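Architecture and fold: a report
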Amino acid sequence: MKRSLKCFAVLTTIGMLFILLGGALVTKTDSGMGCGRSWPLCNGQLIPTDITMELVIELAHRVVSGVVGLMVLILSYWSWKAIGHIRETKFLSLLSFSFLVLQGLIGAGAVIWGQSDFILAIHFGVSLISFAAVFLLTLLIFEVDKKFAAEKLVLDERMRKHIIGVTLYSFIVVYTGALVRHVNASLVCRDWPLCVNTAPNIPISFHEWVQMGHRFAAALIFFWIAYITYMAIKHYKHQKVVYWGWIVSFILVTLQVIAGALVVLTKLNLFIALSHAFFISCLFGVLSYFILLTSRSKKNEILLKQQNSNTSQIEQ
């Protein structure tokens, strides 16, 4: 049963990535209205007759979301029954499915009634939370904690604050990036890293402010994660999950920045644009695992002190 659960968890996690990338594809190809103002049917039809590329992309995204949504529901129940004794399991099970439903409702509302670009930009972030919950469930099922001795991990206060801060801040990066796509500001600045490298002025239009605001947010998270990685390498060599986790995070944020630059320089190459969304999704998954470890750290610290105290009393 455990092997079947592991395989199903991996497939569900991959399916969640397809939902994230599918949503990004819908936005980047302007296919949101490919099925008209009709949901869940396409142009009011179960099997559409007037086929367009936009319709295929939008309908495929809906089908994948529906199938994976069912998989998430099954995984949530299965995990609850199989590893419900792990304290985070039930919370993650509820979180994964509820936020996936919320993501679907936002998408449906955008199709039926229309939404502002500022509301639509939330869509990707909501999906990201659901993906992270499924990803963490998968890690628990594979007992990653035991393999890296993470169940006894104790983080110092400075590291805990950085983890919480950079994870919360990553939502700003995600939101501003999604807003760039929804307001069609991806190519408003022809150069990188400045809007126009030969004329380093402040932005002069709304779209330039959105684009440059996202670049500034991305630059800040890059340097922030670089600093935390330096801390991990210097102080946590003995804790593999922290040491390698932050190295992986730094690699992912570097790839995200490079992909973001190439999106502009290649004039919105679709493959590079999707890879940009992929890297931030993976990065958020790793940061979410650090949040899980942070939530355990205080408890581990108390248990460790109790064990040391008991050992001292026995020796005396």
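Residues numbered from 1 in each chain as written. Predicted model: local features only at pLDDT ≥ 70, side-chain atom pairs only at ≥ 80, totals over all residues. Heavy atoms only, no water.

**What about the side chain of Glu88?**
- Tracing the sequence through the fold places Glu88 in the loop between helix H2 (53-83) and helix H3 (89-112).
- When near neighbours in sequence (up to four residues on either side) are disregarded, Glu88 contacts Leu140, Leu292, Ser295 and Arg296. (Helix = DSSP H or I, 4+ residues; strand = E, 2+ residues; numbered from the N terminus. Contact = heavy atoms within 4.5 Å.)

**A short note on H3**
- With 24 residues, H3 ought to run about 34 Å at 1.5 Å a step, and its terminal C-alpha atoms sit 35 Å apart, in line with that.
- For H3, the set of buried residues is Thr89, Leu92, Ser93, Leu95, Ser96, Leu100, Gln103, Ile106, Ala108, Gly109, Ala110 and Val111. (Expected span 1.5 Å × (residues − 1). Buried < 20%, exposed > 50% of the residue type's maximum accessible area, 1.4 Å probe, protein only.)

**Points about the state of the cysteines**
- Per the counting criterion, the structure on display carries one disulfide.
- Through a disulfide, Cys189 is tied to Cys195; the S-S separation comes to 2.1 Å. What sets the handedness of the Cys189 and Cys195 disulfide is the S-S torsion sign, and at about -85 degrees it is left-handed. Comparing Cys189 with Cys195, the two get one shared label, buried.
- The thiol sulfur of Cys7 is not disulfide-bonded, and the nearest other cysteine sulfur, from Cys282, lies at 20 Å. (Disulfide = S-S within 2.5 Å.)

**A look at a nonpolar patch on the surface**
- On the surface, Trp192, Ile251, Leu255, Ile258, Leu262 and Leu265 cluster together into a nonpolar patch covering about 500 Å² of accessible area.
- Within the element layout of this structure, Leu262 appears in helix H9 (residues 240-265).
- Taking the relative accessible area as the measure of exposure, Leu262 reaches 33% and is therefore partly exposed. (Patch = residues over 30% accessible without salt bridge, like charges linked within 9 Å, V, L, I, M, F, W, Y side chains within 5 Å. Areas by Shrake-Rupley, 256 points an atom, 1.4 Å probe, with all protein chains shown as cover. Salt bridge = Lys/Arg side-chain N within 4 Å of Asp/Glu carboxyl O.)

**Examining the nonpolar core**
- Residues Met16, Phe124, Met159, Val242, Trp246, Tyr289 and Leu293 are the most contacted members of the largest nonpolar core, which totals 73 residues.
- For this core, the secondary structure elements donating two or more residues are helix H1 (2-28), H2, H3, helix H5 (122-141), helix H7 (157-182), helix H8 (206-235), H9 and helix H10 (270-315).
- In terms of residues, this core owes the most to one element, H10, which gives 14 residues. (Core = buried A, V, L, I, M, F, W, Y, C linked by side-chain atoms within 4.5 Å.)

**So, the pattern of salt bridges**
- This model, assessed by the stated rule, comprises five salt bridges.
- Between Glu157 and Lys161 there is a salt bridge whose closest N-O contact spans 3.2 Å. Separated by four residues within a single helix, Glu157 and Lys161 lie in helix H7, roughly one turn from each other.
- For Lys161, a relative accessible area of 56% translates into the label exposed.
- Salt bridges sharing common partners tie together Arg87, Glu88 and Arg296.

**Quick look at the environment of Asp117**
- Of note, Asp117 is situated in helix H4 (residues 117-120).
- What makes Asp117 partly exposed here is its relative accessible area of 30%.
- Not counting the four nearest positions on each side in its chain, Asp117 is found in contact with Leu179, His182 and Val183.

**Digging into the layout of surface pockets**
- Taken as a whole, the largest pocket holds about 1,200 Å³ of empty space.
- Forming the walls of the largest pocket are 48 residues, and the residues nearest its centre are Val26, Glu58, His61, Gly107 and His123.
- Contributing elements (two or more residues each) for the lining of the largest pocket: H1, H2, H3, H4, H5 and H7.
- Tallying contributions element by element places H3 first for the lining of the largest pocket, with 11 residues.
- Among the residues making up the lining of the largest pocket, the classes are represented as 22 nonpolar, 19 polar and seven charged.
- Size it by volume and the second largest pocket reaches roughly 560 Å³.
- Broken down by secondary-structure element, the contributors of at least two residues to the lining of the second largest pocket are H7, H8, H9 and H10.
- Ranked by residue count, the leading element in the lining of the second largest pocket is H8, at nine residues.
- Of the residues in the lining of the second largest pocket, the class split is 21 nonpolar, seven polar and three charged. (1 Å grid on protein atoms, 1.4 Å probe; cavity = no way out; pocket = protein on both sides within 12 Å on 5 of 7 lines; lining within 4 Å. Points joined across faces, edges and corners; volume = space filled by probe spheres on them. Nonpolar A, V, L, I, M, F, W, Y, C, P; charged D, E, K, R; others polar.)

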